[in-house]
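Observations on the three-dimensional arrangement
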Amino acid sequence: MAKIPAPIGNDFCPQTLFLYGTYKKDGTPNFGLFCWISYCCWGSEIGVMACIGLDKLTKDRIRETGMFSANLVTENLLPLADYCGCNDGYTTDKTRVLPTCAPGNVLHVPTLTQSPVSMELEVIRTVSLGDGEVYLCKIRHVSAEESLLKQSESLETRMRRIAPIHTTCRTYFSYDGKVLGAWGELQSRL
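Residues numbered from 1 in each chain as written. Predicted model: local features only at pLDDT ≥ 70, side-chain atom pairs only at ≥ 80, totals over all residues. Heavy atoms only, no water.

1. So, unusual backbone geometry
Excluding glycine, most residues fall at negative phi; most peptide bonds, likewise, are trans. Selection rule: For helices the rule is a DSSP run of H or I covering at least 4 residues; for strands it is a run of E covering at least 2, with both sets numbered from the N terminus onward.
Within the chain, Leu 54 stands out as a residue other than glycine whose phi angle is a positive 60°. Of note, Leu 54 is situated in the loop between β5 (45-53) and α1 (57-65). At Ala 163, a residue that is not glycine, the phi angle is positive and equals roughly 50°.

2. Quick word on the pairing of strand β6 (residues 67-72)
The two faces of the sheet receive side chains in turn, since in a regular strand these alternate between them. Operational definition: Between buried and exposed lies partly exposed: a residue is buried under 20% and exposed over 50% of the maximum accessible area for its type, with that area taken using a 1.4 Å probe on protein chains only. Pairing between strands is defined by DSSP: at least two bridges between them are needed.
Across the six residues of β6, six count as buried, placing the element largely inside the fold. By the bridge criterion, five bridges tie β6 to strand β9 (residues 117-129) in an arrangement that is antiparallel. Following the sheet pairing, Asn 71 is matched in β9 by Ser 118.

3. Re α1
Heads up, the rule is: Any two residues whose heavy atoms approach within 4.5 Å at even a single point are treated as in contact.
Among the residues of α1, those classed as buried are Leu 57, Thr 58, Lys 59, Arg 61 and Ile 62. Where α1 is buried, its residues meet β2 (18-23), β3 (29-34), β5, β6, β9 and β10 (132-144). At the exit of α1 stands Gly 66, carrying a positive phi of roughly 75°.

4. Overview of the packing of aromatic side chains
Heads up, the rule is: When two rings of Phe, Tyr or Trp (its six-membered ring) have centres within 6.5 Å they constitute a pair, described as stacked for plane angles under 30 degrees, edge-to-face for angles over 60, and tilted for the intermediate range.
Applying the stated rule across the entire model yields four aromatic pairs. The interplanar angle of 25° and the centroid separation of 4.6 Å between the aromatic rings of Tyr 20 and Phe 34 together place this pair among those described as stacked. Taken together, the residues span a long stretch of sequence, with Tyr 20 in strand β2 and Phe 34 in strand β3 at a distance of 14 residues. Residues Tyr 20 and Phe 34 agree in their burial class; the two are buried.

5. Some words on the pattern of salt bridges
Applied cut-off: Within this document, salt bridges are pairs made up of a side-chain nitrogen of Lys or Arg and a carboxyl oxygen of Asp or Glu, the two lying within 4 Å of each other.
In the structure shown here, the tally under the stated rule is eight salt bridges. One salt bridge connects Glu 64 with Arg 61, and the closest N-O pair in it is separated by 3.2 Å. Of this pair, Glu 64 and Arg 61 both sit in helix α1, three residues apart, which is roughly one turn of that helix. What makes Arg 61 buried here is its relative accessible area of 7%. The closest approach of N and O atoms between Arg 140 and Glu 122, which form a salt bridge, is 2.5 Å. Within this pair, whereas Arg 140 is found in strand β10, its partner Glu 122 is found in strand β9, the two being separated by 18 residues in sequence. Accessibility expressed as a relative area gives 35% for Arg 140, which makes it partly exposed.

Encoded structure:
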């Protein structure tokens, strides 16, 4: 099959969505929606690379505290995620729509109890990229639904059950590739 030049983008390389959690200065939880996250190695440990561009309250709080949570977004959490991603944390009180939050087990970060997987991340190094920053993080704790750890079920079965959301930064996709909507369309379902 022949390949031709294409626009630069990630249209055919979807990424998993996460709600990054930090505490505001007043102690209330704040969550922002991000997809620029992947894994890296810290010697024999697995770590996380996460990127945030432009000015965002989440980025300000990570800079100040050096920590955040990454909560996997599923189909059930998608309207909340869309709301958090489309509304400015500086001027919007997102706590009015947040489901139950719990404090991190190891780090002082909020986690979403409805997310099947939450990671507590400590920033070890920051790389500046103009108006963006890449955070190289150590995973200090992972909380997962107990059912996900049952080895008696196949990984495929467990993944289908939690149904993580993917995006190309314009469109949300279900785990099986079905279009769920464009960015900004789903927040009205809250």
